[in-house]
Amino acid sequence: MPASAAVRILLDHYRANARTLPWRSPPGQAPMDPYKVWLSEVMLQQTTVSTVTPRFTRFVERWPTVEALAAAADEEILGEWAGLGYYARARNLIACARTVVARESFPTSETELRTLPGVGDYTAAAIAAIAFGRDSTPIDTNVERVVARLKGLTDKAAVRAAAIALTPAGQAGDFAQALMDLGATLCRPKNPDCPACPLRADCTGYLRGRPEAYPAPKMKKDRPHRHGIAFWYQQDDALFLVRRPDKGMLGGMAALPGDDWAGDSPPPVEALTTVSHGFTHFTLDLHVVRASGSPNDEGWWHDLDRIGQAGLPTLFAKAVAQVRAKERS
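Criteria and cut-off values
Residues numbered from 1 in each chain as written. Predicted model: local features only at pLDDT ≥ 70, side-chain atom pairs only at ≥ 80, totals over all residues. Heavy atoms only, no water. Salt bridge = Lys/Arg side-chain N within 4 Å of Asp/Glu carboxyl O. Helix = DSSP H or I, 4+ residues; strand = E, 2+ residues; numbered from the N terminus. 1 Å grid on protein atoms, 1.4 Å probe; cavity = no way out; pocket = protein on both sides within 12 Å on 5 of 7 lines; lining within 4 Å. Points joined across faces, edges and corners; volume = space filled by probe spheres on them. Nonpolar A, V, L, I, M, F, W, Y, C, P; charged D, E, K, R; others polar. Core = buried A, V, L, I, M, F, W, Y, C linked by side-chain atoms within 4.5 Å. Buried < 20%, exposed > 50% of the residue type's maximum accessible area, 1.4 Å probe, protein only. Contact = heavy atoms within 4.5 Å. Axes fitted to C-alpha atoms, helices over the stretch in contact; angles between N-to-C directions. Parallel < 35°, antiparallel > 145°, perpendicular 65-115°, else oblique. Polar contact = N/O pair within 3.5 Å; in protein donor to acceptor, adjacent residues only side chain to side chain.

A separate point is the pattern of salt bridges. Across all of its chains, the model carries 13 salt bridges by this definition. For Asp 181, the salt bridge is made with Arg 24, and the minimal N-O distance between the two is 2.8 Å. Separated by 157 residues along the polypeptide, Asp 181 in helix α11 (residues 172–185) and Arg 24 in the loop between α1 (3–17) and α2 (34–43) bring together distant segments of the chain. For Glu 80, the salt bridge goes to Arg 62, with nearest N and O atoms at 2.8 Å. In this pair, Glu 80 sits in helix α5 (residues 74–81) while Arg 62 sits in helix α3 (residues 49–62), placing the two residues 18 residues apart along the sequence. Overlapping salt bridges bring together Arg 58, Arg 62, Glu 76 and Glu 80 as one network.

If you want it as structure tokens, here you go:
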């Protein structure tokens, strides 16, 4: 099957089966607001569509334009981001929104988009193609997997070249989203639904009987394990919270006060609870220890009955929930 025929078949399949997503225009229609495309692409980095969808909706209801987001306080944005993880994205989101407002609009080319804070090669290509109709080729894990299987490729550079060669002029946005949808729904990492795939007749991986061999599996690196302490200061029905430094893990987020998580063994004190959590480069056991006296850190007392409004990231939200559950029992 010629490449052009495969592209036509995929686009026809996309028009009939496109996922309905709040940041996406239906196939063939005018592009979505660049603000919504950019926001969704930032949120979707290493985060699932099912997790992002309700959070995206909340974000745009609260800040419907990039100007509104740029004018918001850092703490409000970081609090709304809590639970989405990879918090450097939230700090870049703030910086990017203010940069766009300062220059009065989003740049439209892939090259210019890469100059924005937090916008890398993939995100720049996605915004250029989807929001501005440029002939760019965004390659995420879904796109890479579909193209690798279709062409029987294991080398990343070869996959990229093949994806670019397949991208149809004037339809890059729909084509990219068609590949993303196919990878998310049929051409899954495990147990791909090859019989339902519109490209199976021309798919090298399928014809060879081993689609899961493409792309080449990534080697997983062992992550070091650390221990940290978080201090539980409670005054009546209020809990003492701090804001973490702007740079570093969970930068700028609300948190329990504590140490730098550099320990290689549990602390020699009894913990109220221990929370196990995985970060990209290490795993952590956070030991929550009851503290007495007055806290030395700068922070604030937060009503425990309204702790869900504190904007705690997942690690500290889990710690608070576990301590409260133990106290209730």
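On we go.
This part takes up the layout of surface pockets. Put simply, the largest pocket is a space of about 720 Å³. The wall of the largest pocket is formed by 27 residues, among which Leu 44, Tyr 122, Asp 140, Thr 141 and Asn 142 lie closest to the centre. Put simply, the parts of the chain that give the lining of the largest pocket at least two residues each are α2, α8 (121–132), α9 (141–151), α10 (156–166) and α11. Residue composition of the lining of the largest pocket, by class: 11 nonpolar, eight polar and eight charged.

Residues Trp 38, Leu 256 and Phe 316 are the most contacted members of the largest nonpolar core, which totals 68 residues. Sequence-distant contacts of Leu 256, defined by excluding residues within four places in its chain, comprise Ala 230, Phe 231, Trp 232, Leu 239, Phe 240, Leu 241, Val 242, Val 288, Phe 316, Ala 319 and Val 320. Counting residues in each nonpolar core, the second largest holds 28 residues, with Leu 11, Leu 150, Ala 162 and Phe 175 among its members.

On to the packing of α9 against α10, then. Close contact between α9 and α10 brings their axes to 9 Å; oriented N to C, the two are set at 90°. Relative to α10, the element α9 is oriented roughly perpendicular. Across from Glu 144, Val 147, Ala 148, Leu 150 and Lys 151 in α9, the residues of α10 making contact are Lys 156, Val 159, Ala 162, Ala 163 and Leu 166. For the contact of α9 with α10, the residue count by class is seven nonpolar, no polar and three charged.

So, about the environment of Thr 53. Position of Thr 53 among the secondary structure elements: in helix α3. Remark: the alpha-carbon pair of Thr 53 and Ala 16, spanning 37 residues in sequence, is separated by 21 Å. Look past the residues within four positions of Thr 53 in its chain and what remains in contact with it is Pro 22 and Trp 23. Within the structure, Thr 53 has its side chain in polar contact with the backbone oxygen of Val 49 (distance 2.7 Å).

Next up on the list: unusual backbone geometry. Cis geometry marks the peptide bond from Tyr 214 to Pro 215, where omega comes out at -10°. Structurally, the position occupied by Pro 215 is in the loop between α12 (204–207) and β1 (225–232). For Asn 191, which is not glycine, the phi dihedral falls at a positive 50°. Within the element layout of this structure, Asn 191 appears in the loop between α11 and α12. Its relative accessible area of 60% is what places Asn 191 among the exposed residues. Positive phi outside glycine occurs at Asp 236, with the angle close to 55°. The residue Asp 236 is located in the loop between β2 (234–235) and β3 (238–243) in this model.

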